[in-house]
Amino acid sequence: MSNTYTAVLWNPFKKKYDRILALAIALIVVSFIGLQFIFDANITVETLIIRTTSLTAVFLLHFILIIGPLCRLNPSFLPLLYNRRHLGVTMFLFAAVHSIFCIIQFHALGDINPISSIFLSNTKYLTISQFPFQVFGFFAFLIFFLMAATSHDFWLKNLGPRFWKNMHMLVYVAYALIILHIALGILQYENKLVYWILLIVSFGSVAGMHLAAGWKERKWLADQRKYVIENGYAEICSINEIPDDCAKTVFVGGQNIAIFKYDNKLSAVNNVCRHQMGPIGEGKIIDGCITCPWHGYQYLPENGQSPPPFTEKLETYQLRLVKDQVWVNPKPNAEGTYVEPVKIGQ
Amino acid sequence: MSTANKDFFIGWLGNTSDVQKRSIQRLLIPVFVAIPLILFVIVFFAKSFGTGVFELGKVKEFSGTYYDEPFPVLILDEGPLEAGIDRHALLVGFGKHGAKTFTGTAEKTHGKLHGKRLKIQGTLIYSEEKTLIELTKKEQSILSVEGGTPQPAIKTERKKVSLQGEILDPKCWFGVMKPAEGKVHKSCAIRCISGGIPPVFRHRTDAGNVYYVLKGLNGEDINHEVLGFVGEGVKVNGNAYEVNGWKVLEVDPTKISYSG
């Protein structure tokens, strides 16, 4: 974390993460080039670059898309999420080399502008098998560019986490475009069944992981019983249901709330991290601060404020403890409002 | 950090627990094994790239007699030729342009080039006993022009044929790009043919590919008329003959149909 602008904020974990990423990329590039020269060395350098970069980008894109649901299904994978931004920017760089090479190779030095050529050379927009697949790749590239260019906390802070997150959800639109780019492009030429199987399995693994994670979330929402509400407070659970230094998360009165138990006290804050809208309630109290499981952003439980010099703030909620039952008032206080923690055992 | 928190990962602390390390290893090791296997499948089942050659970066000098019609050909002078090179070299321009894009400057100085002896510089493209020369240096590709009496090109008799095949751009097909056919190369081939490179019809036979330069029924260029059929299976009817070492097929472009 940093409260000032830094181009890339390195730490030992990120360096290790990037070393493994570099190793994976080297494996893809060396394996593909090596196999290509073993089986058909007649490939041109340009085609070798185009295919190596596209395959690397597609491998990375699938891995990037799987990390999110994987962490929802098993939090042990959260370290993969922490530096996903570097994965994304690296994927973009490979996609950019692929795109630029393709534009130069197939569309430049002709009788019309190369960008116009992408849209106007093959105009069979009303067919499926002859559809100009380059158009899908072009728009996917624009989305990846937008995402890579804003993959920095500077933009996250200036655009606001909700807008930034929604904009970065465009990755799913880009993924759909890439699947169409492959299916209506290279697979219309390299049309053996094995390639279709690879594409379907790849798409199925991404879609399947998201469906499984969505099913888990849906189950959590379905398990949210109708809470008894008295004098504006909802009865949530027994104090014993909340582990020490952890939270119980509830969706009540339209509010997503995390109730933390720590140091024999209870405090409630909004369950959405102000950094990248991570699930604060799946975090822990570390050194007296609520710590987000995604990127380690921290907040004081009693007022929802990040410790100085950081400025992020969460809404807080009033709590009551009646016998051993925890009650919460789902009406949020303004972000950063101090609420006296409820002491347990008094 | 307390023992209870040891499994809770904080990126900037880098405190990956043993449980997390094991989980990630169980994911990454199979991924690292799968990558070369998937790539093996992708490469092993891919279509062959063919043996076309484009001598990129090797600009050479050539002398011969130039024929402007029915399409630009330089018939190279008698003498030894490099292996794989045919004497009847189809001329194409730099980039996605026909040769005629760059012969205009020389014609302003020397008049019509048809039938004259030329010394040019360019880059060889060849495969399947067909040779093309790219005018890599654009207008500067024509080094000298010697006058001469234009000799009419010797044509064989016309024969009616009905063939199935694919319309390609010969510059890419004979060596510049791989692959240079089908959907993946369609847009590029359209740009090349639109830019003046003569469209070539490839007909597959048991003995190998047979290539015809496509012209209209009156010998006119039909580059723009065939653009909608490039890179797809088509059926053509027309009159075939041979001139300057190349087969020519004169067709009515409105009667070209898809063969599926």
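Structural data are supplied above this passage.
Residues numbered from 1 in each chain as written. Chains lettered and ligands numbered in written order. Predicted model: local features only at pLDDT ≥ 70, side-chain atom pairs only at ≥ 80, totals over all residues.

Q: Residues and numbers for the overall build of chain B, please.
A: In terms of helices and strands, chain B carries four helices and 13 strands. The C-alpha radius of gyration of chain B comes to 26 Å, more than 25% above the 18 Å expected for a compact globule of 260 residues. With the C-alpha coordinates aligned to their principal axes, the bounding extent of chain B is approximately 100 × 40 × 30 Å. Looking at chain B as a whole, 43% of its 260 residues qualify as buried. (Helix = DSSP H or I, 4+ residues; strand = E, 2+ residues; numbered from the N terminus. Rg over C-alpha atoms; globule rule 2.2 N^0.38 Å. Buried ≥ 20, exposed ≤ 12 C-beta atoms within 10 Å, placed from the backbone.)

Q: Can you tell me about the overall build of chain A, naming the residues and giving the values?
A: Of regular secondary structure, chain A possesses 11 helices and 12 strands. Counting only C-alpha atoms and orienting by the principal axes, one finds that chain A spans roughly 80 × 40 × 40 Å. Relative to its 346 residues, chain A shows a buried fraction of 37%. The contacts in chain A between residues at least 6 apart in sequence include a share of 54% that link residues at least 24 apart. (Contact = placed C-beta atoms within 7 Å.)

Q: Can you lay out helix 1 (residues 18–44) of chain B for me, pointing to particular residues and giving the numbers?
A: Residues lying three or four places apart along an α-helix face the same way, a consequence of the helix completing one turn every 3.6 residues. Along its 27 residues, helix 1 of chain B runs 39 Å from first to last C-alpha, staying within 8% of the 39 Å computed at 1.5 Å per residue. Maximal helix bending in helix 1 of chain B amounts to about 25 degrees, located at A34 of chain B; proline P36 of chain B follows within four positions. Among the residues of helix 1 of chain B, Q20, S23, L39 and V43 of chain B are the ones counted as buried. Of the surrounding elements, those touching the buried residues of helix 1 of chain B are helix 1 (12–39) and helix 3 (78–82) of chain A. (Expected span 1.5 Å × (residues − 1). Bend = angle between axes of the 7 residues up to and from the residue.)

Q: Quick one: what's the story with the interface of chain A and chain B, residue by residue and with numbers?
A: Tallying the contact residues gives 51 residues for chain A and 47 residues for chain B. Of all the secondary-structure elements, those providing two or more residues to the side of chain A that touches chain B are helix 1, helix 2 (45–73), helix 3, helix 4 (84–107), helix 10 (186–189), helix 11 (193–223) and strand 6 (284–286) of chain A. Top contributing element to the side of chain A that touches chain B by residue count: helix 1 of chain A, with 10 residues. Each residue belonging to the side of chain A that touches chain B can be placed in one class, and the counts come to 24 nonpolar, 20 polar and seven charged. (Nonpolar A, V, L, I, M, F, W, Y, C, P; charged D, E, K, R; others polar.)

Q: Any details on helix 2 of chain A? Residues and values, ideally.
A: With 29 residues, helix 2 of chain A should cover 42 Å at 1.5 Å per step; its first-to-last C-alpha distance of 42 Å lies within 8% of that length. The largest bend along helix 2 of chain A measures about 30 degrees and falls at I67 of chain A, with the proline P69 of chain A one to four residues further on.

Q: An account of the nonpolar core is requested, with residue identities and associated values reported.
A: Of all hydrophobic cores here, the largest spans 61 residues; its most connected members are L74, L91, Y212, L214 and V226 of chain B. In this structure, I259, C273, W294 and Y317 of chain A belong to the second largest nonpolar core, which totals 40 residues. (Core = buried A, V, L, I, M, F, W, Y, C linked by C-beta atoms within 7 Å.)

Q: So, the sheet that holds strand 8 (residues 298–299) of chain A: which residues are in play, and what are the values?
A: All names here are of chain A. The three strands are arranged 6-7-8 in an open sheet whose pairing can be described as antiparallel. Each having just a single partner strand, strand 6 and strand 8 make up the two edges of the open sheet. Note that strand 7 (residues 289–291) and strand 8 share two bridges and pair antiparallel. Paired with I290 across the two strands is Y299, which belongs to strand 8. (Pairing = 2+ DSSP bridges.)

Q: I'd like a rundown of the pairing of strand 2 (residues 60–67) of chain B, residues and numbers included.
A: Residue and element names in this part refer to chain B. Note that strand 2 and strand 5 (residues 117–127) share six bridges and pair antiparallel. Looking at the pairing, F62 lines up with I120 of strand 5. Inspection of the sheet shows strand 2 paired to strand 3 (residues 73–76) by four bridges, in the antiparallel sense. Note that in strand 3 the partner of Y67 across the bridge is V73. From the end of strand 2 to the start of strand 3, which pair antiparallel, there are five residues.

Q: I'd like a description of the packing of helix 2 of chain A against helix 4 of chain A, backed by residues and values.
A: All names here are of chain A. The interhelical angle for the contact between helix 2 and helix 4, taken along N-to-C directions, is 150 degrees, at an axis separation of 8 Å. Compared by their axis directions, helix 2 and helix 4 come out roughly antiparallel. The handedness of the crossing between helix 2 and helix 4 is left-handed. Where helix 2 approaches helix 4, its residues E46, I49, I50, T53, S54, T56, A57, L60, L61, F63, I64 and I67 are matched on the opposing element by R84, L87, G88, T90, M91, F94, A95, V97, H98, F101, C102 and Q105. Split into classes, the residues belonging to the contact of helix 2 with helix 4 amount to 15 nonpolar, seven polar and two charged. (Axes fitted to C-alpha atoms, helices over the stretch in contact; angles between N-to-C directions. Parallel < 35°, antiparallel > 145°, perpendicular 65-115°, else oblique. Left-handed = near helix turned anticlockwise from the far one by under 90°.)

Q: Give me the sheet that holds strand 11 (residues 325–328) of chain A: which residues, what numbers.
A: Residue and element names in this part refer to chain A. Taken together, four strands build an open sheet; the order of strands is 1-2-11-10 and the sheet is antiparallel. The open sheet is flanked by strand 1 (229–230) and strand 10 (319–322), the only strands paired with a single partner. Bridging between strand 2 (residues 233–238) and strand 11 involves four bridges; their strand directions are antiparallel. If you follow S238 over to strand 11, its bridge partner there is Q325.

Q: Lay out the packing of helix 4 of chain A against helix 6 (residues 134–149) of chain A in plain terms, naming residues and giving numbers.
A: All names here are of chain A. Where helix 4 meets helix 6, the axes come as close as 10 Å, and the angle between the chain directions of the two elements is 145 degrees. Judged by the twist between their axes, the crossing of helix 4 over helix 6 is left-handed. Of the residues in helix 6, those touching helix 4 at G88, V89, F92, A95 and S99 are G137, F141, F144, F145, M147 and A148. Taken together, the residues that form the contact of helix 4 with helix 6 break down as eight nonpolar, three polar and no charged.

Q: Could you give an account of the pairing of strand 5 of chain B, with specific residues and numbers?
A: Residues and elements named next belong to chain B. Taken together, the two bridges between strand 1 (residues 53–54) and strand 5 define a ladder with antiparallel strand orientation. When the bridges of strand 5 are listed, V53 appears paired with Y126. By the bridge criterion, five bridges tie strand 5 to strand 6 (residues 130–135) in an arrangement that is antiparallel. Bridging across to strand 6, S127 finds its partner in K130. Counted between consecutive antiparallel strands, the loop separating strand 5 from strand 6 contains two residues, among which E128 sits at a positive phi close to 50 degrees.

Q: Break down the environment of V176 of chain B for me, citing the residues and quoting the values.
A: All names here are of chain B. Locating V176 in the fold gives a position in helix 3 (residues 170–176). Spatially, the C-alpha atom of V176 lies 30 Å from that of N218, the residues being 42 residues apart in sequence. Every residue in contact with V176, bar those within four places of it in the chain, is listed here: F54, I125 and K171.

Q: Could you give me a rundown of the environment of A7 of chain A, with the residues and numbers involved?
A: All names here are of chain A. Along the polypeptide, A7 turns up in the segment before helix 1. Overall, the presence of 7 C-beta atoms within 10 Å leaves A7 in the exposed class. Considered as a pair, A7 and M147 are 140 residues apart in the sequence and their alpha carbons are 16 Å apart.

Q: For unusual backbone geometry, give the residues involved together with the corresponding values.
A: Backbone torsion omega between P308 of chain A and P309 of chain A reads 10 degrees, so that peptide bond is classified as cis. Along the chain, P309 of chain A turns up in the loop between strand 8 and strand 9 (316–317). With a phi angle near 60 degrees, L109 of chain A is a residue other than glycine that sits in the positive phi range. One non-glycine residue with positive phi stands out, namely E128 of chain B, at about 50 degrees. Position of E128 of chain B relative to the elements: it lies in the loop between strand 5 and strand 6.

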